[in-house]
Amino acid sequence: INCWAGLCYHYLGLPFLSPTINMFLSYADFNKMMMNLDYYMSLPVEWVKDGIETDSGTYFPIGRIGDVELDFLHYETFEEAANAWNKRKLRINKENIFVLSYTENKDELYAFEDIPYEHKVIFTSCREKSPSSIYLDNSPWGEMWKPVIATARGSVNLIDMIALLNHRKDYFRV
């Protein structure tokens, strides 16, 4: 859904083990894909059209797997994006999947709990609690993605990324 995982991989010096690095999906498409990951990973990635990043005016390829749209924001060509997607989807370790998302919507917060993976976290500005939620106050930031990305960069010292990724319960710094 955002750049958090890619920033974590860079920070930790690890190879990209997820096909979703350097791209984004809508919340609904991400959940749909995660609810049936094996099916979606078995589908070929297809080009749909080019999109445009509104702030920079940069064009980027948009693809799809079945009915899930993939916005390859950090790729110049669809061929480059498809090659990265196909290479990385083969690296998925099904024994060690960690699912991360974020939302400001309480219905999306609760829907996230249906994703069939034990190790998952959803950052949220909603005051409602769910087993996988981590509350982040986004009011100083304006947009939810900003404090989420800041946790991955370490510029907001709320989360011990290593503890979180190792499924430890002491990941939250007070």
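Residues numbered from 1 in each chain as written. Predicted model: local features only at pLDDT ≥ 70, side-chain atom pairs only at ≥ 80, totals over all residues. Heavy atoms only, no water.

Enquirer: Which parts of the structure should I look at to understand the pairing of strand E1 (residues 46-52)?
Expert: Residues in a regular strand point their side chains to alternate faces of the sheet. Sheet topology note: the E1/strand E2 (residues 59-65) ladder contains six bridges and is antiparallel. Looking at the pairing, Lys49 lines up with Ile62 of E2. Once E1 ends, the chain turns through six residues before running back antiparallel as E2, passing Gly57 with a positive phi of about 75°. (Pairing = 2+ DSSP bridges. Helix = DSSP H or I, 4+ residues; strand = E, 2+ residues; numbered from the N terminus.)

Enquirer: For this particular structure, what's the right way to read the packing of helix H1 (residues 4-12) against helix H6 (residues 145-153)?
Expert: Axes are the key here: two packed helices are described by the angle between their axes and the distance separating the axes. Where H1 meets H6, the axes come as close as 8 Å, and the angle between the chain directions of the two elements is 10°. Between H1 and H6, the angle falls in the class roughly parallel. Residues Trp4, Leu7 and Cys8 of H1 lie in contact with H6, whose contacting residues are Val148, Ile149, Thr151, Ala152 and Arg153. In terms of residue class, the contact of H1 with H6 is built from six nonpolar, one polar and one charged. (Axes fitted to C-alpha atoms, helices over the stretch in contact; angles between N-to-C directions. Parallel < 35°, antiparallel > 145°, perpendicular 65-115°, else oblique. Contact = heavy atoms within 4.5 Å. Nonpolar A, V, L, I, M, F, W, Y, C, P; charged D, E, K, R; others polar.)

Enquirer: Sorry if this is basic, but what is going on with the pairing of strand E3 (residues 68-71) here?
Expert: When E2 meets E3, the two strands line up antiparallel, connected through four bridges. Its bridge partner lying in E3, Arg64 is registered against Glu69. Connecting E2 to the antiparallel partner E3 that follows it, the hairpin turn spans two residues, and Gly66 within it adopts a positive phi of roughly 60°.

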